[in-house]
Amino acid sequence: VNDGTLKESRRLATKFLYITRHPIANIYATDKFVRDSMGGNIDFEILLKNYIALHKYMKMDENALESPVMWVRLEDFTANPSSVLKDVFSFLDVSTDDGVVRNILDGIAASIL
């Protein structure tokens, strides 16, 4: 007999992690991607309007969701990756052990080089 507890436990397990970055950095990265990958061009103003609209939708979703939401700025992660990663792991209820975090960050660094 399903008394609803299974559905409720799955609902509580759903979490949303929004990763964002400064709008200008985002626009330049998107512009580069469109030029390099698609050979196209999108006006700066359109990219900015899209960024603003997307963040408005994300905020509306955040208010409507019945699940926990965490926002992470790429600039914060870049400035202090260990601390931000620990915050994310804590939000996700996974190990925040220094060794685990260091292994992940070392793996990221090795894959970039």
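Reading the values: the criteria
- Residues numbered from 1 in each chain as written.
- Predicted model: local features only at pLDDT ≥ 70, side-chain atom pairs only at ≥ 80, totals over all residues.
- Heavy atoms only, no water.
- Helix = DSSP H or I, 4+ residues; strand = E, 2+ residues; numbered from the N terminus.
- Buried < 20%, exposed > 50% of the residue type's maximum accessible area, 1.4 Å probe, protein only.
- Areas by Shrake-Rupley, 256 points an atom, 1.4 Å probe, with all protein chains shown as cover.
- Core = buried A, V, L, I, M, F, W, Y, C linked by side-chain atoms within 4.5 Å.
- Pairing = 2+ DSSP bridges.
- Expected span 1.5 Å × (residues − 1).
- Polar contact = N/O pair within 3.5 Å; in protein donor to acceptor, adjacent residues only side chain to side chain.
- Axes fitted to C-alpha atoms, helices over the stretch in contact; angles between N-to-C directions.
- Left-handed = near helix turned anticlockwise from the far one by under 90°.
- Contact = heavy atoms within 4.5 Å.
- Nonpolar A, V, L, I, M, F, W, Y, C, P; charged D, E, K, R; others polar.

A. Spatial organisation of the overall build of the chain. Counting its regular elements, the chain contains 6 helices and 2 strands. When the elements of the chain are put in sequence order from the N terminus, they spell out α-β-α-α-β-α-α-α. A buried classification covers 17% of the 113 residues belonging to the chain. Carbon together with sulfur atoms contributes 58% to the accessible area of the chain, which is approximately 8300 Å² in total.

B. Examining the nonpolar core more closely. In this structure, Met-70, Val-72, Val-84, Leu-85, Val-88, Phe-89, Phe-91, Val-101 and Leu-105 together form the largest nonpolar core, which totals 9 residues. Listing elements by their share of this core, those giving two or more residues are strand 2 (69–73), helix 5 (81–91) and helix 6 (98–112). If you tally residues by element for this core, the top one is helix 5, at 5 residues.

C. How the structure looks around the pairing of strand 2. Residues Met-70 and Val-72 point to one face of strand 2 and are all buried, whereas Val-69, Trp-71 and Arg-73, pointing to the other face, are not buried. Across 5 bridges, the pairing between strand 1 (residues 16–20) and strand 2 is parallel. Looking at strand 2, one finds that Thr-20 is bridged to Arg-73.

D. Seen up close, helix 6. Relative to the 21 Å expected for 15 residues at 1.5 Å per residue, helix 6 spans 21 Å between its end C-alpha atoms, a close match to the ideal helical length. Structurally, the start of helix 6 carries an N-cap: the backbone nitrogen of Gly-99 is 3.0 Å from a side-chain oxygen of Asp-97.

E. Fine view of the packing of helix 5 against helix 6. Running from N to C, helix 5 and helix 6 cross one another at 115°; their axes reach a closest spacing of 10 Å. Note on packing geometry: the crossing formed by helix 5 with helix 6 is right-handed. Mapping the contact onto sequence places Pro-81, Ser-82, Leu-85, Lys-86 and Phe-89 in helix 5 and Asp-98, Val-100, Val-101, Arg-102, Ile-104 and Leu-105 in helix 6. Class assignment of the residues belonging to the contact of helix 5 with helix 6 gives a composition of 7 nonpolar, 1 polar and 3 charged.

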